[in-house]
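Residues per chain are reported as follows:
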Amino acid sequence: MRRRWMAAVAVSVASLLTLTACGGDAKESGGGEAAHKKVEVFSWWTGPGEADGLKAMREIFAKQNPDFEFFDAAVAGGSGDQARALLSSKLQANQPPDTFQGHAGAELQGYIEGGKLESLNFLYDELKLKDAFPQQLIDQISVQGQIYSVPVNIHRSNVLWYNPSVLKEAGVDGAPATIDEFVADLEKVKKTGKIPLSIGSQWTVVHLLESVLLGSLGTDAYNQLWAPNADWSSAEVTKALENFKAILSYAGTPQEDWQPAAKQVADGEAAFNIMGDWAYGYFHNPPEGGLGKESHKDFDWAASPGTDGTFMWLSDSFTLPKGAPNRDGAIAWLKVAASKEGQDAFNPLKGSIPARTDADKSLYQDYLSWSLEEWSKDKLAGSIQHGVVANDAWRSAINDAVGLFQQSQDGAKLQEALVSAAKNNNQ
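Now for a look at the structure at hand. (Residues numbered from 1 in each chain as written. Predicted model: local features only at pLDDT ≥ 70, side-chain atom pairs only at ≥ 80, totals over all residues. Heavy atoms only, no water.)

## Some details on the overall build of the chain
- Scanning the chain for helices and strands turns up 20 helices and 14 strands.
- On C-alpha atoms alone, the chain measures out to a radius of gyration of 21 Å, which is about the 22 Å that the 2.2 N^0.38 rule sets for 427 residues.
- Dimensions of the chain, computed from C-alpha atoms along their principal axes, come out at roughly 65 × 45 × 40 Å.
- For the chain, the proportion of its 427 residues judged to be buried stands at 54%.
- In the chain, once contacts between residues fewer than 6 apart in sequence are set aside, the share between residues at least 24 apart is 79%.
- A total of about 17,400 Å² of accessible surface is found on the chain, and carbon and sulfur atoms cover 49% of it.
- With 37 positive and 54 negative side-chain charges, the chain shows a spacing of 3 Å between the two charge centroids. (Helix = DSSP H or I, 4+ residues; strand = E, 2+ residues; numbered from the N terminus. Rg over C-alpha atoms; globule rule 2.2 N^0.38 Å. Buried < 20%, exposed > 50% of the residue type's maximum accessible area, 1.4 Å probe, protein only. Contact = heavy atoms within 4.5 Å. Areas by Shrake-Rupley, 256 points an atom, 1.4 Å probe, with all protein chains shown as cover. Lys, Arg positive; Asp, Glu negative; His and termini not counted. Charge placed at Lys NZ, Arg CZ, Asp CG, Glu CD.)

See the structure below:
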């Protein structure tokens, strides 16, 4: 499976580099006014909810910047794994887009160390963004006093989505609060013939792992895993991985990506799904952009088992690559992404909350109101899969380890692989 995926990526990379090489000549040789006006925005927002949010920001950009033409270079695939592979190839070939989406935090570390990004301190000063974003977020995205991305939102990773009717049929009274309760409830659902836990492609299993680690270890011990010389061989990690194995044994047939796995919950085919809160936009948005489901009836939510009181966060952000063909256009896009207007247009559709503290709270209802409140008071833990705590090499090694575990179900080998991944990447 992984060989076929890598082969597909290789073909996509080759195709993309051919196209960008052809386009790049026109820009570099002064290929006319159209080439100068185009602003290539690279992201992985193609699915329901996320594409709607991008469209809303794009409309603001077009209104404010009539001299620029937005070019949507989005690459499909949940969590951006394929997009990042293609992006890496473009940057290595010195063919950057004008701006690209990345997860704030360790994910951008390689690009920064490789000299691929411009510092955005000038933009933070001009727009007074250090006053607009919470200090805890500024601290997380600063590297030796420099900031290299503009966060457009805050997502919560550790959300348990569930179908109330399926739980009622199984005799389960609400969302499980602990890992042990979760395993017991999964067993009850299994006896009804419904799918206890829906999952998607491999990255969604890593997403599940991060919530199980947090729920098993607790916030402080989880956060300590990302410190230098952290002990991934401990008995506590062993127990957490045993919990992961037990929970994963109740999973249904893996779906193509997160959306069809989440849909199984909304349609009453499955009881539970652990996914980030972008799922809310997918569940809640009208049928033309989502499923049009009713909260607290067709779906409901809680912190993933064992994690109540901790907000496992991630943030979608945009960057300014060095050598961007249309640097002025990229900066114009970054200003929209950073703005109150842009974030308030984007986030209610995306299923996320704004990075800015001055957002119009009346726009954030239902799940989003709950999320805003939790963000303001919870402890914080960073996502693995979504780039906060692990750089791309480390995250990739964790993904490989989980992929092999799905085939072998050997918990000891999984822990050995995680120990090795930390040793090789946590410098």
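So much for the structure itself; the text now carries on.
## Remarks on the environment of Gly174
- Inspection of the secondary structure puts Gly174 in the loop between helix H9 (164-169) and helix H10 (179-190).
- As a C-alpha pair, Gly174 and Asp300 span 126 residues in sequence and 9.4 Å in three-dimensional space.
- Excluding residues within four positions of it along the chain, Gly174 makes contact with Leu167 and Asp185.

## A word on the pairing of strand S3 (residues 99-103)
- In terms of burial, S3 is largely enclosed, as five of its five residues are buried.
- Burial of the side chains of S3 extends over both faces: Thr99, Gln101 and His103 are buried on one face and Phe100 and Gly102 on the other.
- In this sheet, S3 lies alongside strand S1 (residues 38-42) in parallel orientation, the contact comprising two bridges. Bridge pairing in S3 places Phe42 opposite Phe100.
- Sheet topology note: the S3/strand S13 (residues 316-318) ladder contains three bridges and is antiparallel. If you follow Gln101 over to S13, its bridge partner there is Phe318. (Pairing = 2+ DSSP bridges.)

## Let's talk about the sheet that holds S1
- Read from one edge of the open sheet, five strands run S2-S1-S3-S13-S6, paired in mixed fashion. With partners counted over all chains shown, the strands left at the sheet margins are strand S2 (69-72) and strand S6 (150-151), one partner each.
- Against the sheet, helix H4 (residues 81-92) touches S1 and S3, its axis set at about 130 degrees to S1. (Axes fitted to C-alpha atoms, helices over the stretch in contact; angles between N-to-C directions.)

## Here's the deal with unusual backbone geometry
- Phi at Asn229 is positive, roughly 65 degrees, even though this residue is not glycine.
- By relative accessible area, Asn229 is classed as exposed at 78%.
- The phi dihedral of Asp366 is positive, around 60 degrees, even though this residue is not glycine.
- Within the secondary structure, Asp366 is located in the loop between helix H17 (340-350) and helix H18 (367-377).

## Here we look at the packing of aromatic side chains
- In the structure shown here, the tally under the stated rule is 28 aromatic pairs.
- Ring centres of Phe318 and Trp333 lie 5.6 Å apart, and the angle between their planes is 85 degrees; this geometry places the pair in the edge-to-face category. Note that Phe318 is positioned in strand S13 and Trp333 in helix H16 (residues 327-338), a separation of 15 residues in sequence. For the residue pair Phe318 and Trp333, the accessibility class agrees, reading buried in each case.
- Cluster of aromatic residues (ring-pair linked, three or more members): Trp161, Trp258, Tyr280, Tyr282, Phe283, Phe299, Trp301, Tyr367 and Trp370.
- Directly above the ring of Phe71 sits Lys38, whose terminal nitrogen or CZ lies 4.6 Å from the centroid.
- Positioned over the ring face of Trp44 is Arg84, at 5.6 Å from the centre of the ring. (Phe/Tyr/Trp six-rings, centres within 6.5 Å; stacked < 30°, edge-to-face > 60°. Lys NZ or Arg CZ within 6 Å of the ring centre and 35° of its normal.)

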